[in-house]
Amino acid sequence: MALLKPVGLFHELQFLKLSQQSNIYGLSSFELSEDSTKVVVATLGRLGEKIFSVEVNKLHVPKLQSLDFSYIPADAEIIAIDMYAKPPNSAVIGVALIKENAAVKQAFLNVYGVRVNTAASFNWTSIADDWQTLPLNFVPFQLTHTQILVSDQWETVLLLSGDDMRLHVFRLIGNAEQEYAVYEEPCKSWFPEMLDLPSSVTCMDFRQCGNQRLTVAACQGSYVRFSITDVTTLTDIKMWELNSMDGPFTVAKFFSLHSNTSDRMYHLLVATALEVAIVFWYSDGSGREPSQVVSFIRDVVNYQFSKPVILPGSFLHDSVMCGIVADVDWDGINEILIGTYGKRLLIYKLLPGSGDVHVSARMLIMFISLIPRRCNWQLLLVLDKTVCISNT
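Draft legend 1. Representation of the overall build of the protein chain. Of the regular secondary structure elements, the protein chain holds 5 helices and 27 strands. Looking at the protein chain as a whole, 56% of its 392 residues are labelled buried. Of the contacts made within the protein chain by residues no fewer than 6 positions apart, 53% connect residues no fewer than 24 positions apart. Carbon and sulfur atoms provide 51% of the accessible area of the protein chain, an area that totals close to 17,700 Å².

Here is the structure:
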């Protein structure tokens, strides 16, 4: 496994200063259109500004702007944030927070943009002023979203994990007068593969492959569950489990090797705060790229978790805190980016035919880029999905 120096490969574009620290659940983004990406960042502090937007203009210069969301008390601590597009010109934003009052801590889920006119131009103020709050009887962890199939129509729902070892499903439901509200519905009604988890889910991911849903749930302990569910019946469920890694898990993401959106061959990236980062895929020894061999579904069905590839050096720079898969050098092949507590950004590049016989897939070469010491750690956390590196 060769190690390449990053000289001439990447250079810094911008680092945006935050007044307070964020966490691994504090960033969300979506594409409103082909030329418009919206990003929000939530900070952990109990004083001052709490939520920011990152806007990038046509010259690729980012701008940080404070957003004033309704009903986020000054003494509240934001745990997680997530948002998704509400076509054509709006968004739904979920904010999980804990409010401390004397000796009592109360958790809430605030949902914004429920009743915003989607035909009007995108407006942060309109979304931030349109909210619904739901009290929670558990400590929230990751907040994310995916789609469910309702009467042959796809519908986006918010999903929230917590310390009660359950998945909570929140639907945006409208009545005959087109008035919308958010309701929690039983997990078993939509995600039966997430029932009876042995510990709390710290990270999860979902992908749709036609009428099949890929689900991964990684927990506080050593447990990872991968499942394939038929969303038309919700009864045909195939499930596999892994118990050999020490948690808590910080990364669990499906990805495809090609940045082309038509590539439906998924693999799985997992990482914990205590061990190395691992990719699960399969090679038949032919030297071909894994995406040309077999899809991730077949990988797991035939081989379960028996074909792991360890990302070299991912344990050398303290705990792995975040990860993402993206085509950062614009060659059509996705790279794996790992952010560590030691302020290192590790970039793993697929180089087919590298001749490395130790890894049967013969694919991974590592680039290492040092995050400057002037950059506080929270900037790496909140920039793991924005453009902080670029091709020269």
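Draft legend 2. Quick peek at the environment of Ile-79. With respect to the helices, strands and loops of the structure, Ile-79 is situated in strand β7 (residues 76–86). Along the primary structure Ile-79 and Thr-43 are separated by 36 residues, whereas in three dimensions their C-alpha atoms are 8.5 Å apart. Contact partners of Ile-79, with chain neighbours within four places excluded, come to Asn-23, Tyr-25, Ala-96, Leu-97, Ile-98, Pro-140 and Phe-141.

Draft legend 3. Expanded view of the pattern of salt bridges. Enumeration according to the criterion identifies 6 salt bridges in this entry. The partner of Asp-75 in a salt bridge is Lys-99, and the shortest N-O contact between them spans 4.0 Å. With Asp-75 in the loop between β6 (62–67) and β7 and Lys-99 in strand β8 (residues 90–101), the pair connects residues that are 24 residues apart, well separated along the chain. Residue classification places Lys-99 among the partly exposed positions, given a relative accessible area of 22%. The salt bridge involving Glu-185 is made with Arg-171; its shortest N-O contact spans 3.2 Å. Within this pair, whereas Glu-185 is found in strand β14 (residues 180–185), its partner Arg-171 is found in strand β13 (residues 167–174), the two being separated by 14 residues in sequence. Just as Glu-185 is buried, Arg-171 falls in that class too. Members of the salt-bridge network, linked through shared partners, are Glu-155, Arg-171 and Glu-185.

Draft legend 4. Summary view of the packing of aromatic side chains. Applying the stated criterion across every chain yields a total of 7 aromatic pairs. Each ring, one from Tyr-71 and one from Phe-108, has its centre 6.4 Å from the other, and the planes form 90 degrees; the classification is edge-to-face. Here Tyr-71, found in the loop between β6 and β7, pairs with Phe-108, found in strand β9 (residues 104–112); they are 37 residues apart in sequence, far enough to count as distant. Through successive ring pairs, a cluster of aromatic residues spans Tyr-71, Phe-108 and Trp-131. A cation sits over an aromatic face here: Lys-86 above Tyr-180, 5.5 Å from the ring centre.

Draft legend 5. Broad picture of the sheet that holds β8. The antiparallel open sheet is built from 4 strands, whose spatial order is β7-β8-β9-β10. The strands lining the two open edges of the sheet, one partner per strand, are β7 and β10 (131–136). Sheet twist, expressed as the mean angle between neighbouring strand axes with direction ignored, is 20 degrees.

Draft legend 6. Spotlight on the layout of surface pockets. The calculated volume of the second largest pocket comes to roughly 210 Å³. In this structure, the second largest pocket is lined by Tyr-84, Ala-85, Lys-86, Pro-87, Glu-155, Thr-156, Leu-172, Ile-173, Gly-174 and Tyr-180. Listed by contribution, the elements that provide at least two residues to the lining of the second largest pocket are β7, β12 (153–162) and β13. A per-class count over the lining of the second largest pocket returns 6 nonpolar, 2 polar and 2 charged.

Draft legend 7. Representation of the sheet that holds β12 in the model. The strand order β11-β12-β13-β14 describes an open sheet built from 4 strands, whose pairing is antiparallel. Either end of the sheet is taken by a strand with one partner, and the two such strands are β11 (140–150) and β14. Taken pair by pair, the neighbouring strands of this sheet meet at an average axis angle of 30 degrees, ignoring direction. Pairing between β11 and β12: 9 bridges, direction antiparallel.

Draft legend 8. Molecular detail of the environment of Ser-53. Ser-53 sits in the buried class, given a relative accessible area of 0%. Sequence-wise, Ser-53 and Ala-42 are 11 residues apart; in three dimensions their C-alpha atoms are separated by 9.0 Å. Excluding its chain neighbours within four sequence positions, the residues that come into contact with Ser-53 are Val-39, Val-40, Lys-63, Leu-64, Gln-65, Leu-67 and Trp-124.

Analysis parameters
Residues numbered from 1 in each chain as written. Predicted model: local features only at pLDDT ≥ 70, side-chain atom pairs only at ≥ 80, totals over all residues. Heavy atoms only, no water. Helix = DSSP H or I, 4+ residues; strand = E, 2+ residues; numbered from the N terminus. Buried < 20%, exposed > 50% of the residue type's maximum accessible area, 1.4 Å probe, protein only. Contact = heavy atoms within 4.5 Å. Areas by Shrake-Rupley, 256 points an atom, 1.4 Å probe, with all protein chains shown as cover. Salt bridge = Lys/Arg side-chain N within 4 Å of Asp/Glu carboxyl O. Phe/Tyr/Trp six-rings, centres within 6.5 Å; stacked < 30°, edge-to-face > 60°. Lys NZ or Arg CZ within 6 Å of the ring centre and 35° of its normal. Pairing = 2+ DSSP bridges. Axes fitted to C-alpha atoms, helices over the stretch in contact; angles between N-to-C directions. 1 Å grid on protein atoms, 1.4 Å probe; cavity = no way out; pocket = protein on both sides within 12 Å on 5 of 7 lines; lining within 4 Å. Points joined across faces, edges and corners; volume = space filled by probe spheres on them. Nonpolar A, V, L, I, M, F, W, Y, C, P; charged D, E, K, R; others polar.

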